[in-house]
Amino acid sequence: MRVGAKTGMTRTVRRADLKAVGEIRRSLRELLCPRCPRDVAEVAELLITELVTNALVHTDLGAEVSATLDSGRLRVEVRDHTARKPRPYVPTADDGTHGRGLFLVEELADAWGVDPLGGGKVVWFELDRGPVLG
């Protein structure tokens, strides 16, 4: 793949199908492995896991996941069918693992956001940490 070329993946995840989270991680890893530095790929895998898990745990109709790699920038979008906007918060030690997903996205992504979408929303992040390799 040459620098500047665009490539991506799209997956649909059924409601409450938490087994699909691992499959999405593997698909993203396959997309990024020959094209990105390892540290970028590892962060991307962690963040896509958090967003997909949030969509499956906090919504009722599943999600659509897409990842696009273009000129060294990765953009991941998770679309769901719930208009309720997620809010990150700083978890306390007593929270266990609850609440860390969006906090991690906020801390590790170069950019992220939530965009309303008719009858739902898109939660997205971008990583822009070096050139596409290939």
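Residues numbered from 1 in each chain as written. Predicted model: local features only at pLDDT ≥ 70, side-chain atom pairs only at ≥ 80, totals over all residues. Heavy atoms only, no water.

Q: Before we go on, may I ask you to explain the overall build of the protein in this structure?
A: The helix and strand inventory of the protein stands at three helices and five strands. Going from N to C terminus, the protein has its helices and strands arranged as β-α-α-β-β-α-β-β. Expressed as a percentage of its 134 residues, the buried residues of the protein come to 41%. (Helix = DSSP H or I, 4+ residues; strand = E, 2+ residues; numbered from the N terminus. Buried < 20%, exposed > 50% of the residue type's maximum accessible area, 1.4 Å probe, protein only.)

Q: I would appreciate a short explanation of the pattern of salt bridges in the present structure.
A: When their charged atoms lie close together, side chains carrying opposite charge are able to pair. Considering all chains together, one arrives at ten salt bridges under this definition. Across the salt bridge formed by Arg 38 and Glu 42, the nearest N and O atoms sit 2.8 Å from each other. Pair noted here: Arg 38 and Glu 42 are both in helix H2 (residues 38-58), with a separation of four residues, about one helical turn. Arg 75 is paired through a salt bridge with Glu 77; the nearest N and O atoms lie 2.8 Å apart. The exposure class of Arg 75 is partly exposed, given its relative accessible area of 23%. (Salt bridge = Lys/Arg side-chain N within 4 Å of Asp/Glu carboxyl O.)

Q: In this structure, what is going on with the packing of aromatic side chains? I would like to understand it.
A: The geometry of an aromatic ring pair comes down to the distance between the two centres and the angle between the two planes. A complete count under the given rule lists zero aromatic pairs for this structure. Above the plane of the ring of Trp 124 lies Arg 75, whose end atom (NZ or CZ) is 4.2 Å from the centre. (Phe/Tyr/Trp six-rings, centres within 6.5 Å; stacked < 30°, edge-to-face > 60°. Lys NZ or Arg CZ within 6 Å of the ring centre and 35° of its normal.)

Q: I'm lost on the pairing of strand E2 (residues 63-70) in this one. Help?
A: Within a regular strand, side chains alternate between the sheet's two faces. Across eight bridges, the pairing between E2 and strand E3 (residues 73-80) is antiparallel. Within E3, the position partnered with Thr 68 by the bridge is Arg 75. Connecting E2 to the next strand, E3, in antiparallel fashion are two residues, including Ser 71 with a positive phi near 50°. (Pairing = 2+ DSSP bridges.)

The values are spatial; any link to function lies outside them.
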